[in-house]
Amino acid sequence: MLNRLIDLGIVNRQIVVLGLLALIAAAAILLPKLNLDAFPDVTNVQVVVNTEANGLAAEEVEQLITYPIEAVMYAAPNVEEVRSISRTGLSVVTVVFKEGTDLYFARQMVFERLQTAKSQIPSGAGLPQIGPNTSGIGQVFQYVLRTKDPQQFDAMALRGLNDWVVKLLLMPVDGVTQVLSFGGEVRQYQVRVDPSKLLSYGVRIDDIRDAIEASNRNAGGLFLDQGAEQLVIRGIGMMRSGNQGLDDIANVPIKEDKGVVVRVRDVARVLFGGEVRQGAVTMTVREPDGTMTPMGEVVSGIVLKRVGANTKATIDGIKERLPLIQKALPAGVTLDPIYDQSDLVDKAVATVVKAMLETFVLVIVVLILFLMNLRAALLVLLSVPISAGLALMAMSYLDISANLMSLGGLTIAIGMMVDGSVVMMENIFVHITQPRPPSLAGGPGGSSGLTLRIQQAAREVSRPVFFAVIIIIVVFTPLFSLEGVEGKLFQPMAVSIVLAMAASLLVALVVIPALATYLLGAGVHHKDSYIFPPIERFYGKVLPAALRHPRKVVLGALGFFVVSLATLPLIGTEFMPELEEGTLNIRVTLPAASSLDTALGVATKLEARLQAFPEVTYASSRIGRAELGGDPEPVSNIEILVGLKPVADWTTASNRKALQAQMEKSMSVMPASNCRSPSQSPRGSMN
């Protein structure tokens, strides 16, 4: 079979060349569609159910909301685990499904079971909602809305702009599943009743609520024919927005007492106010002149990527929308990105590409030094881009993302990808540089002696090349048996290596012999390498000595093996490498009973301490939690995102860990707080 494959490639070498051109065209189409991520998404198949229960204590949330939802979810198919968090006013239930379950099937099952749970939850306790379709690494983009005129645009106005302008313009971007608002105040039409007036007029709060609800609606009366026209009958009773809405609410009649109409304004004040919040965002930025300016409270937005979406393409779509969003915002309000995961993706890809190029250069040097022929070395080198291109095209077709692990697998495979081509090319080179036997002076059908010699040389090493590549592939097959987090982490690397090695085998058996008939014609002569003679002399002296003392050689090898095993405990281990992204995430934990105002004060003081480090470009503190759908953190939790200058511009420390230690020391003097560094907290990380 291998001989027939070789013969097919040599006889139809024009088709092979056309196939390579078609490969280039296909690569231009498929490679731009390749998903680019920083690292594999190891999140399991899960669906989150969030429920806001305003006014309920944690115990009541657990009994009335969390437990009914948990109870019905176990009946869904393929459910592996159900876990929950019950806090004051909030219930979060996470339903974990078995690996391999389609995510959208899982969400549909949760939605169906949720209808049963809703019937068991008391009316008014809370309305369960399925969380956004995202994962643990779905926070791909963050921005802040800020203004230099807080008198004109306060925290409430900024939050309104984010909810009704920015979010609506970002949601149509392909790959975006949700935009969470963090910080600011949600504007409410508030009716603040006076208890003494309620008693004097004999009005209950329920009466006020029912009256406002009954007055805030439109009514339809179908149609009325009038002459040749048809008129639409409508009753307009919906309250207006803005200050006119305040007047409408204030004028709502509640009851009539002895001919006197009691209105809402008689028993309450109607005004705008902010809802009770459990989160806030503050920010301090470094101006171009080097001074740090506290911006106070700002509004932040967190863009969540849909599971399976292309991270790089999603962020590029977001960036394309930013000029349009800035035009839609009023003068004096700016949108500033503070976190962009595409920077990490670009750095990860650039790191791997750099390693691949360095390996490629080393392969070029070695091939030229040993083969001593530029055309032969060029043919072997072609196997690397062709094999890598085929592997990346297969990954794009199979919807496998290119990340640190998969691209790292290609880097590992570069040296192995050229093995088969080197063996094939070296044997072909030997055959065509030897004197031509009379029997190969020509061949049937017009075949030249060169073609026949290349064909014969390729046949001689086809089986060794085939089995060598198959052995390498078999070595990596155990990685496909890994499950869970380990499988999601290492299988992309195994897939990329296997695809690259399979492509390199095809190149060695088909492409190299076919192209050799074009490039290795007349003028090819054998030249002795300057590297081989000293190596051969050294090997000629060492080999006889090793054969005379086989026991010593084996014992020496075993001794080195034992020494290597003894060094294993000295090697550090970690689940994931710390990725240098240029930002620092610091987690600060306050006492559980801390209020939002207390946390805001601590965050402001910590940002002031960070201002002392010239390496810091900005510091943004996120306190508590965002709106429904984000991490359910209490207000005692502060996460500070610190932007850093390039390492070359640092003066306080020469590396990230030293700078991090000094920051911890500076912030740890704050009373009643616990500042944890990336090395101590898995949530705090130097990305």
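These numbers were taken from a predicted model, which means no experiment stands behind them. (Residues numbered from 1 in each chain as written. Predicted model: local features only at pLDDT ≥ 70, side-chain atom pairs only at ≥ 80, totals over all residues. Heavy atoms only, no water.)

Asks: Lay out the sheet that holds strand β4 (residues 129-130) in plain terms, naming residues and giving numbers.
Replies: Spatially, β2-β3-β1-β4 is the arrangement adopted by the four strands of the open sheet, whose pairing is antiparallel. The sheet is open, and its two edges are formed by β2 (79-87) and β4, each paired on a single side. Summarising the sheet, strand β1 (residues 46-52) and β4 pair through two bridges and their orientation is antiparallel. Within the sheet, the bridge partner assigned to asparagine 50 lies in β4 and is glutamine 129. (Pairing = 2+ DSSP bridges. Helix = DSSP H or I, 4+ residues; strand = E, 2+ residues; numbered from the N terminus.)

Asks: Let's hear about empty space enclosed by the protein: which residues, and what values?
Replies: Here the idea is plain: a probe the size of a water molecule rolls over the atoms and shows the empty space left. Across all of its chains, the model carries three cavities of 30 Å³ or more by this definition. Taken as a whole, the largest cavity holds about 130 Å³ of empty space. Along its surface, the largest cavity is lined by 14 residues, and Phe182, Arg622, Gly624, Asp631 and Glu633 are the ones closest to its centre. Of all the secondary-structure elements, those providing two or more residues to the lining of the largest cavity are β6 (176-182), β17 (616-624) and β18 (637-644). Per-class residue counts for the lining of the largest cavity are four nonpolar, four polar and six charged. (1 Å grid on protein atoms, 1.4 Å probe; cavity = no way out; pocket = protein on both sides within 12 Å on 5 of 7 lines; lining within 4 Å. Points joined across faces, edges and corners; volume = space filled by probe spheres on them. Nonpolar A, V, L, I, M, F, W, Y, C, P; charged D, E, K, R; others polar.)

Asks: Explain the packing of helix α12 (residues 374-397) against helix α13 (residues 404-433) to me, and be specific about the residues and the numbers.
Replies: In contact at an axis separation of 8 Å, α12 and α13 are set at 140° when each is read in the N-to-C sense. Put simply, α12 runs oblique to α13. Where α12 crosses over α13, the handedness of that crossing is right-handed. Contacts between α12 and α13 involve Ala376, Leu379, Val380, Ser383, Val384, Ser387, Ala388, Ala391, Leu392 and Met395 on the former and, on the latter, Ser406, Leu407, Leu410, Ile414, Met417, Val418, Ser421, Val422, Met425 and Phe429. Tallied by class, residues from the contact of α12 with α13 come to 16 nonpolar, four polar and no charged. (Axes fitted to C-alpha atoms, helices over the stretch in contact; angles between N-to-C directions. Parallel < 35°, antiparallel > 145°, perpendicular 65-115°, else oblique. Left-handed = near helix turned anticlockwise from the far one by under 90°. Contact = heavy atoms within 4.5 Å.)

Read these as layout, nothing more, since geometry by itself doesn't imply function.
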